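Spelled out from the first residue to the last, the chains are:
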Amino acid sequence: MRKKDFLISILLIAALFGCPRRDDSSKAKEPTPYDIAKITMEEKAPDFTLKDLNGREIKLSDYKGKTVMLVFSTTWCPHCREEIPHLKEVYSKYPPKDFTLLNIDVQESHEKVSSFVKANEIPYPVLLDEKGAVAAAYNVAGVPNIMVVDKNGVIVCKSCRGVDTILNSLLSGR
């Protein structure tokens, strides 16, 4: 009976996943260029409204038409602090009409974050997610966590590594 069950399992797997097709063409395939659109998650970014350090309300939807890099961080996180020089570089690299970086500080007080931003001379907007609601909406499990939202409001990368390549692809017009 076990042999029969094993064979049925194999047939079911083959039916679900199919069999690999043989490519009988004698032509060598051309290498395809790197296409960021084919490897993205493409999930609509939840809109949010948070206050910046000046008390001004900032909405993600205010940036429709721009590529937005969201950086979830805290002041106590050593890796978050290590990222600051790179984030400053990224922020200054792309034209403001096409790109913005929003740092979302998770569950810390205005006073602590404000002091940290001043001490580190952070030029990009820092928003306060004091209750962690936005981090929860984006399923942030740890910091730093970088996400990229394209000009149509679609998340193209969560927990991004190699964010420079992704931004170059989105902002170079390819």
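Residues numbered from 1 in each chain as written. Predicted model: local features only at pLDDT ≥ 70, side-chain atom pairs only at ≥ 80, totals over all residues. Heavy atoms only, no water.

1. Observations concerning the overall build of the chain
Then step 1. Each helix and strand in the chain was counted, giving five helices and eight strands.
Then step 2. In sequence order, the secondary structure elements of the chain are arranged as α-β-β-β-β-α-β-α-β-α-β-β-α.
Then step 3. When each of the 174 residues of the chain is scored for burial, the buried share is 37%.
Then step 4. Summarising the internal contacts of the chain: among those between residues at least 6 apart in sequence, 67% fall at separations of at least 24.
Then step 5. Just so you have it, the chain exposes about 11500 Å², and 54% of that area is on carbon and sulfur atoms. (Helix = DSSP H or I, 4+ residues; strand = E, 2+ residues; numbered from the N terminus. Buried < 20%, exposed > 50% of the residue type's maximum accessible area, 1.4 Å probe, protein only. Contact = heavy atoms within 4.5 Å. Areas by Shrake-Rupley, 256 points an atom, 1.4 Å probe, with all protein chains shown as cover.)

2. Some words on the pattern of salt bridges
Then step 1. Under the counting rule described, the total for this entry stands at three salt bridges.
Then step 2. Where Arg56 meets Asp52, a salt bridge forms, and the shortest distance between an N and an O atom there is 3.1 Å.
Then step 3. Between Asp98 and Lys97 there is a salt bridge; the shortest N-O distance is 3.4 Å.
Then step 4. Residue Lys97 is classed as exposed on the basis of its relative accessible area, which comes to 62%. (Salt bridge = Lys/Arg side-chain N within 4 Å of Asp/Glu carboxyl O.)

3. Looking at the packing of aromatic side chains
Then step 1. This structure, assessed with the given rule, holds four aromatic pairs.
Then step 2. Consider the rings of Phe48 and Tyr138, whose centres lie 6.2 Å apart with planes at 75 degrees: the pair is edge-to-face. With a gap of 90 residues between them, Phe48 in the loop between strand E1 (43-44) and strand E2 (49-52) and Tyr138 in the loop between helix H4 (133-137) and strand E7 (145-149) connect regions that are remote in the sequence. Comparing Phe48 with Tyr138, the two get one shared label, buried.
Then step 3. Taking the centre distance of 5.7 Å and the plane angle of 45 degrees together, the rings of Phe72 and Tyr138 count as tilted. Within this pair, whereas Phe72 is found in strand E4 (residues 67-73), its partner Tyr138 is found in the loop between H4 and E7, the two being separated by 66 residues in sequence.
Then step 4. Taken together through their ring pairs, the aromatic side chains of Phe48, Phe72 and Tyr138 make up a single cluster. (Phe/Tyr/Trp six-rings, centres within 6.5 Å; stacked < 30°, edge-to-face > 60°.)

4. A closer look at unusual backbone geometry
Then step 1. Here the residue pair Val143 and Pro144 is connected by a cis peptide bond, since its omega of -5 degrees sits within 30 degrees of zero.
Then step 2. Within the chain, Glu121 stands out as a residue other than glycine whose phi angle is a positive 50 degrees.
Then step 3. If you trace the backbone, Glu121 turns up in the loop between helix H3 (110-120) and strand E6 (126-129).
Then step 4. Residue Glu121 is classed as exposed on the basis of its relative accessible area of 62%.
Then step 5. A positive phi angle is found at Asn139, which is not glycine, with a value near 55 degrees.
Then step 6. Of the residues examined, Asn139 reaches a relative accessible area of 59% and is grouped as exposed.

5. Let's talk about helix H5 (residues 163-171)
Along an α-helix, residues three or four positions apart point the same way, because every turn accommodates 3.6 residues.
Then step 1. All of the buried residues in H5 are Val163, Ile166, Leu167 and Ser169. End-on view of H5: buried residues confined to an arc of 160 degrees, all on one side of the axis. (Arc of directions from axis to C-beta.)

6. Regarding the sheet that holds E4
Then step 1. Read from one edge of the open sheet, eight strands run E1-E8-E7-E4-E5-E6-E2-E3, paired in mixed fashion. Edge positions in the open sheet fall to E1 and strand E3 (57-59), since each of these has one partner strand only.
Then step 2. Running at roughly 160 degrees to strand E5 (residues 99-106), helix H2 (residues 78-93) makes contact with E4, E5 and E7 of the sheet. (Pairing = 2+ DSSP bridges. Axes fitted to C-alpha atoms, helices over the stretch in contact; angles between N-to-C directions.)

7. Details of the nonpolar core
Then step 1. Membership of the largest hydrophobic core comes to 24 residues, with the highest contact counts inside it found for Met69, Val148 and Leu167.
Then step 2. At the level of secondary structure, the elements contributing two or more residues to this core comprise E4, H2, E5, H3, E6, E7, strand E8 (154-157) and H5.
Then step 3. Here Val148 is in contact with Thr67, Val68, Met69, Val154, Ile155, Val156, Cys157, Cys160, Val163, Ile166, Leu167 and Leu170, once residues within four sequence places are set aside. (Core = buried A, V, L, I, M, F, W, Y, C linked by side-chain atoms within 4.5 Å.)

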